[in-house]
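# A look at the structure
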Amino acid sequence: MKLSEDEGKRNISSDEWKKVAMELSNARSGVCEETCDELIRDLDWWNLSLGNFLEHAICHAAIQSDDFDALCVARSVCSESVVLRANSPETWFRYGVVLEKLGNTENARNAFHASVSLGAGEGGRMSSA
């Protein structure tokens, strides 16, 4: 059985993306509702850390929302990440994307340069020649 192209796709509004970004930010900081508490308790039991995944998800949701407050939360998350993992090209690139979305082109360019200088794009994809 093959699904049609439109089946399963849902347009998510900017407000919904903003809510996702804010809820993930709350979960990351430990301030969340009852369902979030259950998730955190389960992750603690399995001794799992979703820090990097949550950072990426918060930034993605904020970029999709195009909301200033959500983008500021993402900038804060990215700023913390580049301090804690200064040698991570992915973290610098994500920071550049968020800064660019906020209109801070000069600092975004600097973040992209830092990402490249740390090796972003090295190794690339295999091409079938």
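Report on the accompanying structure. Since the structure is predicted, the reported quantities are computational estimates derived from the model, not experimental observations.

Here the focus is the overall build of the protein chain. Along the protein chain, the regular secondary structure elements total 6 helices and 0 strands. Counted from the first residue to the last, the protein chain has its helices and strands arranged as α-α-α-α-α-α. When burial is assessed residue by residue, the protein chain has 28% of its 129 residues classed as buried. Considering only intrachain contacts with a sequence separation of at least 6, the fraction spanning at least 24 residues in the protein chain is 56%. Accessible area for the protein chain stands at about 9300 Å²; split by element, carbon and sulfur atoms hold 52% of it.

Locating Glu55 in the fold gives a position in helix α3 (residues 51–65). Accessibility expressed as a relative area gives 6% for Glu55, which makes it buried. Side chain to side chain, Glu55 and Arg85 meet in a polar contact 2.7 Å long. When sequence neighbours within four positions are dropped, the list of residues in contact with Glu55 reads Arg28, Val77, Ser81, Arg85 and Arg94.

Structurally, Arg94 can be placed in helix α5 (residues 89–101). With a relative accessible area of 6%, Arg94 lands in the buried category. If near-sequence neighbours (up to four positions away) are discounted, Arg94 is found in contact with Asn52, Glu55, His56, Cys59 and Cys78.

A separate point is the pattern of salt bridges. Scanning the model with the defined rule gives 7 salt bridges in all. Of the charged contacts in the structure, one is a salt bridge between Asp69 and Lys18, with a shortest N-O distance of 3.9 Å. Taken together, the positions of Asp69 in helix α4 (residues 68–84) and Lys18 in helix α1 (residues 14–29) put the pair 51 residues apart, joining distant regions of the chain. Take Asp69: its relative accessible area is 42%, and that puts it in the partly exposed class. Asp66 serves as the salt-bridge partner of Lys101, at 3.8 Å between the closest nitrogen and oxygen. Placement of Lys101 in helix α5 and of Asp66 in the loop between α3 and α4 is noted, with a sequence separation of 35 residues between them. Given a relative accessible area of 38%, Lys101 falls into the partly exposed group. Among the charged side chains, a salt-bridge network with shared partners connects Glu55, Arg85, Glu90 and Arg94.

Here we come to the environment of Arg28. Within the secondary structure, Arg28 is located in helix α1. The sequence separation of Arg28 and Gly51 amounts to 23 residues, and the corresponding C-alpha distance is 7.2 Å.

For α5, which comprises 13 residues, the first-to-last C-alpha distance of 18 Å matches the rise-based estimate of 18 Å (1.5 Å per residue) to within 8%. Residues of α5 that are buried include every one of Thr91, Arg94, Tyr95, Gly96, Val98 and Leu99, and no others. Phi turns positive, to about 90°, at Gly103, one or two residues after α5.

Attention now goes to α4. Taking 1.5 Å as the rise per residue, α4 with 17 residues should run 24 Å; its terminal C-alpha atoms sit 24 Å apart, in good agreement. Three or more residues of α4 are buried, namely Ala70, Leu71, Cys72, Val73, Ala74, Val77, Cys78, Ser81 and Val82. Buried residues along α4 sit in contact with α1, α3 and α5. Capping of α4 at its N-terminal end is provided by Asp67; its side-chain oxygen lies 3.1 Å from the backbone amide nitrogen of Asp69.

Each value, and the rule that gives it
Every residue gets a number counted from 1 within its own chain, in the order that chain's sequence is written. Totals for whole chains, interfaces and linings use all residues, but because this is a predicted model, local features are given only for residues with pLDDT of at least 70 and pairs of side-chain atoms are given and counted only at 80 or more. Heavy atoms from the whole structure form the basis of all side-chain values; hydrogens and water molecules are not counted. Under the scheme used here, helices are H or I runs from DSSP no shorter than 4 residues and strands are E runs no shorter than 2 residues, and both carry numbers assigned from the N terminus. Buried residues are those whose accessible area, probed at 1.4 Å on protein chains only, stays under 20% of the maximum for their type, while exposed residues exceed 50% and partly exposed ones sit between those limits. When checking whether two residues touch, look at their non-hydrogen atoms; a contact exists if any pair is within 4.5 Å. With residues, only the protein chains shown are counted as cover, and all accessible areas are computed by Shrake-Rupley using a 1.4 Å probe. Identification of polar contacts relies on pairs of N or O atoms within 3.5 Å, with a donor-acceptor requirement for protein atoms, meaning one able to donate a hydrogen and the other able to accept it, and with residues adjacent in sequence counted only if both atoms are side-chain atoms. Counted as salt bridges are all cases of a side-chain nitrogen of Lys or Arg within 4 Å of a carboxyl oxygen of Asp or Glu. Multiplying one less than the number of residues by 1.5 Å gives the expected span of a helix.

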